[in-house]
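Residue-level listing of the chains:
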Amino acid sequence: MPKPYITLVVVAMLMAVLIIGCQSPAGEEQTVKPVAVEVASVARGEVNTKTILSGQITAETEVPVLSKLPLQVVAVKVKVGDQVEVGQALLQLDNKDLQEQVWQAEAGLKVAEAGLPPAQEESPGAAGARLAYESAASDLERMQFLKEEGVISEQTLEQARARAAGAAAQYQATLDQEKMATARYEQAQSALRLARSQLDNATITAPVAGIVASLPVEVGQMVSPSMPVANIVNMDQVKISLNATEKDVSHLQVGQEVKVRVLSLDREFKGDLSMVAPAADARTKGFPLEVTLSNDGHLIKPGMFAEVELKTKAVSDVLAIPRLAIMQEGSRQVVYIVTDDKAYAREIVVGLINDEMAQVTSGLNEGDLLVVKGQEYLRDGMPVSVVAGGEAQ
């Protein structure tokens, strides 16, 4: 047999073997291995958008304490960090001269009190002056009658008029003196009240309850009315001042709950939006906000910085799904639903969306088994194996 012919036969046999090896046995179908997925049941919930603003924490109440008098400090009765109540003494100023003024005012009041007329009855002096005036007035009437009868002269009548006028003036002077005595007494009372008030002001007290945050004075130091001698803060609640944009402010409401993350503590707290300004600040162009939160144990300190998470838009009782479950296929937004161990693609319409959740307005039904993990390996109609989150229906 010629050599080329033998070579051709060998090549043909090898090709036949290869073709037969690549064919499946008769009647046997190829199978696709199911894709492992995790699913979740589509349910109703809330979807919201949010904004995060930063601000510095301040105490709910922070009150500087000023001296009302320019005097020397003789005692410091508290220290920084002390809890104080309203009216508790903080500092004592030198009050020796003020005490002397009180004693003088008390003595002056006693002198003025001694010159007072009786409170209810007419004084003897006023009574005597009144009787003298009434007698002179009666004599004048009698003299006028006698003059008309021609019994007395004009000169005698004028003398009676003079006596009546003098008695009236004396009576009025007596009443005026008694009024002056009453006025002097009231003036002495006022002077005593002022002296005692000045004496009280020498003891500087806490105007509010709270914690002494600063106390920049020492014994022997002179203080003045314009000089802060202490600072008191109430830390039972703290507040954060923020500025919202005009895009967000219309969606904010006083009383809504907010999340507050204190950076230095690496902790999250709940607070309330306590103030939303009705107009923008002329300087910053932002809308001032104020957030308050309880500070049990005074863990949060004024001066710390915080991030505040505010809900700006929200829809409730809507179909809500994880945002990561949504696949973008061209211009379509698609999710996969598991039915009878197979995954089927569904085009959906999305409403409000945030970093985690999305509102679905069309394309899904409540209770659908939604693929939430593994969907990137799926095609419409592929078999799946549910490994977590539920069972295929």
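Everything numeric here is computed off the predicted structure, so don't read it as measured data.

Caption draft 1: Spotlight on the overall build of the protein. When helices and strands are tallied, the protein shows five helices and 19 strands. Relative to the 2.2 N^0.38 estimate, which gives 21 Å for 393 residues, the radius of gyration of the protein is 49 Å and therefore markedly larger than a compact globule would have. Here the C-alpha coordinates of the protein stretch approximately 195 × 65 × 40 Å along the principal axes. Per-residue burial over the protein gives 32% buried out of 393 residues. Restricting to contacts in the protein with at least 6 residues of sequence separation, those with at least 24 account for 74%. Looking at the protein as shown, the accessible area adds up to about 24200 Å², and 53% of this sits on carbon and sulfur atoms.

Caption draft 2: Quick look at helix α3 (residues 124-149). Helix length check: α3, at 26 residues, gives a terminal C-alpha distance of 38 Å against a target of 38 Å (1.5 Å per residue), a fit within 8%. Every buried residue of α3 is listed here: Ala126, Ala127, Ala129, Ala136, Leu140 and Met143. Note on α3: the residue one or two positions beyond its end, Gly150, has a positive phi of about 80°.

Caption draft 3: Inspection of the sheet that holds strand β6 (residues 203-205) at higher detail. Pairing is antiparallel in the open sheet, where three strands are placed in the order β3-β5-β6. The outermost strands of the open sheet, each flanked by one partner alone, are β3 (73-76) and β6. Pairwise comparison of adjacent strand axes, ignoring direction, gives a mean angle of 20° for this sheet. Note: strand β5 (residues 89-93) against β6, three bridges, orientation antiparallel. Each residue of the ladder has a partner; that of Ala89, found in β6, is Thr205.

Caption draft 4: Quick look at the pattern of salt bridges. Evaluated as defined, the whole model comprises 16 salt bridges. Glu347 is the partner of Arg332 in a salt bridge, and the nearest nitrogen-oxygen pair spans 3.7 Å. On the criterion of sequence distance, the pair formed by Arg332 in strand β14 (residues 332-339) and Glu347 in strand β15 (residues 342-347) is long-range, its members being 15 residues apart. In the salt-bridge network here, residues are joined through shared partners; they are Lys147, Glu154, Glu158 and Arg161.

Cut-off values and rules
- Residues numbered from 1 in each chain as written.
- Predicted model: local features only at pLDDT ≥ 70, side-chain atom pairs only at ≥ 80, totals over all residues.
- Heavy atoms only, no water.
- Helix = DSSP H or I, 4+ residues; strand = E, 2+ residues; numbered from the N terminus.
- Rg over C-alpha atoms; globule rule 2.2 N^0.38 Å.
- Buried < 20%, exposed > 50% of the residue type's maximum accessible area, 1.4 Å probe, protein only.
- Contact = heavy atoms within 4.5 Å.
- Areas by Shrake-Rupley, 256 points an atom, 1.4 Å probe, with all protein chains shown as cover.
- Expected span 1.5 Å × (residues − 1).
- Pairing = 2+ DSSP bridges.
- Axes fitted to C-alpha atoms, helices over the stretch in contact; angles between N-to-C directions.
- Salt bridge = Lys/Arg side-chain N within 4 Å of Asp/Glu carboxyl O.

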